[in-house]
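# Coordinates in review
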Amino acid sequence: QVQLVESGGGLVQAGGSLRLSCAASGSTFSIVHMGWFRQAPGKERELVAGISSGGSTNYADSVKGRFTISRDNAWNTVYLQMNSLKPEDTAVYYCNAVSARNNVYWGQGTQVTVSS
């Protein structure tokens, strides 16, 4: 089992920055991929950014050049640096982890609100 706890959300003005953190505990040795998803009211949850055990990253087109995902080598913490935030980035942001056995874990989410 893997437990995920997000932090760092909040209210920020458009153009500002936030850094989200996801602290992982439990069987972190089994993790092969972690990511950040978000869900805005009335919309489906969508992938924002992901990072693999080899360090490769991928991003949604809407955040490329503005957001950066990173992690420590032990999969203890994954970060999402969000710059140049826009009102459309407002959502609940969820941390996600996938194990080598394809078990999927989710955090409880953290609210990000960007005011115009």
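For the structure itself, look to the data block above.
Let me sum up the structure you'll find in this document. Every chain is numbered on its own, with residues counted from 1 as its sequence reads. Restriction of local features to residues with pLDDT of at least 70 applies here, the model being predicted, together with a cutoff of 80 or more for giving and counting side-chain atom pairs; totals for whole chains, interfaces and linings are based on all residues. Heavy atoms from the whole structure form the basis of all side-chain values; hydrogens and water molecules are not counted.

### Digging into the pattern of salt bridges
- Should a side-chain nitrogen of Lys or Arg be within 4 Å of a carboxyl oxygen of Asp or Glu, the pair is scored as a salt bridge. Scanning the model with the defined rule gives 4 salt bridges in all.
- Residues participating in the shared-partner salt-bridge network are R38, E46, R66 and D89.

### Some thoughts on the sheet that holds strand β3 (residues 18–26)
- The rule for pairing is simple: two strands pair if DSSP sees at least two bridges between them. Counting from the N terminus, the helices are the DSSP runs of H or I reaching at least four residues and the strands are the DSSP runs of E reaching at least two. Strand order across the open sheet formed by 4 strands is β1-β3-β8-β7, with antiparallel pairing between neighbours. Strand pairing shows two members of the sheet lacking a second neighbour, β1 (2–7) and β7 (67–71), which therefore form its edges. Within this sheet the neighbouring strands show an average axis-to-axis angle of 15 degrees, counted without direction. The axes used here are C-alpha line fits, helices contributing only the stretch in contact, and every angle between their N-to-C directions lies in the interval 0 to 180 degrees.

### Details of the nonpolar core
- Core analysis: the biggest nonpolar cluster contains 30 residues, and L4, M34, W36, L80, M82 and Y93 have the highest contact counts within it.
- Mapped by element, the contributors of at least two residues to this core are β1, β3, β4 (31–39), β5 (46–52), β7, β8 (77–82), β9 (91–99) and β11 (110–115).
- Here, residues are in contact when the closest pair of their heavy atoms is within 4.5 Å. Ignoring anything within four residues of it in the chain, the contact list for Y93 reads E6, L20, W36, F37, R38, V48, F67, L80, M82, G109, T110 and V112. Think of a nonpolar core as a cluster: buried Ala, Val, Leu, Ile, Met, Phe, Trp, Tyr and Cys residues, connected wherever their side-chain atoms sit within 4.5 Å. Burial status follows relative accessibility: with a 1.4 Å probe on protein chains alone, a residue under 20% of its type maximum counts as buried, one over 50% as exposed, and anything between as partly exposed.

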